[in-house]
Amino acid sequence: MNFPFYIFGIHPHLLLESLAYFIGFRVYLYTRNKDRIPMDKALWVIVGAILGAAFGSKFLYWLEDPKKTLENWHNLIYLMEGKTIVGGLLGGLIGVETAKKCIGWTRSTGDDFVLPLAVGMMIGRIGCFLTGLDDHTYGTATTWITGVDFGDGIKRHPTQLYEIAFLGALAFALFQLKRNSIGWEGLLFQLYMLGYLTFRLMIDFIKPTPHPYWLLNNIQVASLLGILYYIWLINKKQTEKRREIHA
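Quick notes on the rules
Residues numbered from 1 in each chain as written. Predicted model: local features only at pLDDT ≥ 70, side-chain atom pairs only at ≥ 80, totals over all residues. Heavy atoms only, no water. Core = buried A, V, L, I, M, F, W, Y, C linked by side-chain atoms within 4.5 Å. Buried < 20%, exposed > 50% of the residue type's maximum accessible area, 1.4 Å probe, protein only. Helix = DSSP H or I, 4+ residues; strand = E, 2+ residues; numbered from the N terminus. Contact = heavy atoms within 4.5 Å. Expected span 1.5 Å × (residues − 1). Polar contact = N/O pair within 3.5 Å; in protein donor to acceptor, adjacent residues only side chain to side chain. Patch = residues over 30% accessible without salt bridge, like charges linked within 9 Å, V, L, I, M, F, W, Y side chains within 5 Å. Areas by Shrake-Rupley, 256 points an atom, 1.4 Å probe, with all protein chains shown as cover. Salt bridge = Lys/Arg side-chain N within 4 Å of Asp/Glu carboxyl O. Phe/Tyr/Trp six-rings, centres within 6.5 Å; stacked < 30°, edge-to-face > 60°.

Draft legend 1. How the structure looks around the nonpolar core. The biggest cluster of nonpolar side chains holds 31 residues, and the ones touching the most others in it are V86, Y192, M193, Y196, L197 and Y230. Counting residues per element, this core draws most heavily on helix α8 (residues 187-203), at 11 residues. Not counting the four nearest positions on each side in its chain, L197 is found in contact with V86, L90, S223, G226, I227 and Y230. Ranked by size, the runner-up nonpolar core spans 10 residues in total, among them I123, L130, Y138 and F150.

Draft legend 2. Looking closely at helix α9 (residues 218-246). Taking 1.5 Å as the rise per residue, α9 with 29 residues should run 42 Å; its terminal C-alpha atoms sit 43 Å apart, in good agreement. Considered for burial, the residues of α9 that qualify are N218, I219, Q220, A222, S223, G226, I227, Y230, L233 and I234. On its buried side, α9 packs onto α2 (39-62), α5 (85-103) and α8. Sitting at the head of α9, N217 places a side-chain oxygen 3.1 Å from the backbone nitrogen of I219.

Draft legend 3. A look at a nonpolar patch on the surface. On the surface, a nonpolar cluster with roughly 380 Å² of combined accessible area is contributed by F8, I10 and L14. Summarising the element assignment, I10 is placed in the segment before α1 (12-31).

Draft legend 4. Representation of the pattern of salt bridges within the structure. All told, the structure shown has eight salt bridges when counted by the stated rule. Salt-bridge contacts for E185 lead to R107; the nearest nitrogen and oxygen are separated by 2.5 Å. Taken together, the positions of E185 in the loop between α7 (159-179) and α8 and R107 in the loop between α5 and α6 (111-131) put the pair 78 residues apart, joining distant regions of the chain. When the shortest N-O distance is used, the salt bridge between D204 and K207 registers 4.0 Å. An identical accessibility class is assigned to D204 and K207; each is buried.

Draft legend 5. Geometry of the packing of aromatic side chains. Throughout the structure, instances matching the rule amount to 10 aromatic pairs. Between F129 and F150 the ring centres are 5.7 Å apart and the planes differ by 70°, which places this aromatic pair in the edge-to-face class. You can see F129 sitting in helix α6 and its partner F150 sitting in the loop between β1 (148-149) and β2 (155-156), a full 21 residues away along the chain. Note on accessibility: F129 and F150 belong to one class, buried. The interplanar angle of 40° and the centroid separation of 6.2 Å between the aromatic rings of Y138 and F150 together place this pair among those described as tilted. With Y138 in the loop between α6 and β1 and F150 in the loop between β1 and β2, this pair connects stretches of sequence that are 12 residues apart. Overall, the relative accessible area of 13% leaves Y138 in the buried class.

Draft legend 6. Spatial organisation of unusual backbone geometry. For the bond running from F3 to P4, omega is -5°, close enough to zero to count as cis. On the secondary structure map, P4 appears in the segment before α1. Of note, S181 is a non-glycine position whose phi angle comes to about 55°, a positive value. Topologically, S181 is positioned in the loop between α7 and α8. In the Ramachandran plot, L215 falls in the positive-phi region, its phi being about 75° despite a non-glycine side chain. Summarising the element assignment, L215 is placed in the loop between α8 and α9. Under the relative-accessibility criterion, L215 is labelled exposed at 69%.

Any link to function would need more than the numbers given here.
Written out as structure tokens, the structure reads:
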């Protein structure tokens, strides 16, 4: 296989990322809980998610190499070319919560996003893998049997494929919780974020990106902050639920 692997003459990153957004949105419309939030308010939540994700993905990318970003702060191409999934998720979360406050909605809406996010992210990572070295999402050199030569004669960890496998397993586990009605409204999304951020904290140790923040990179710092937040939030919800049971 040659990288990038063009599909019908279309660059894999462009094609698969476009499909990820399209299919993810269609999955959301098809699977969302119609009783949880009416469509007119759900659209505002989606708008908040999109705007927050767009800014968050860029902002966290700019922190990957702060020195380089400062040197290129006036270079629009540099500022617009990169993005990160973790930044998109955390930025999208802030955007959703902001939108909910604006429309006066207090119920959790996160569970409806779990399956669309998992599906969209897996499709997007296929595009990252097929793009090869140009995408900069591969791992470090390895002698593992999973190693992939992206075209320069060096076998590297296909971290994109590791992520696809993890997301599939995480989505399956969360589906089992949903089927058994375990937990509270919003728990599935909280566990999804906690699981994915933990995965990113660990997997980025085998990615050849700058690690300027006390041996961590920008993604790991953001992931660690997100992990601490969701651990606090889940413990808070568990305490509230115990009080309701014993009230």
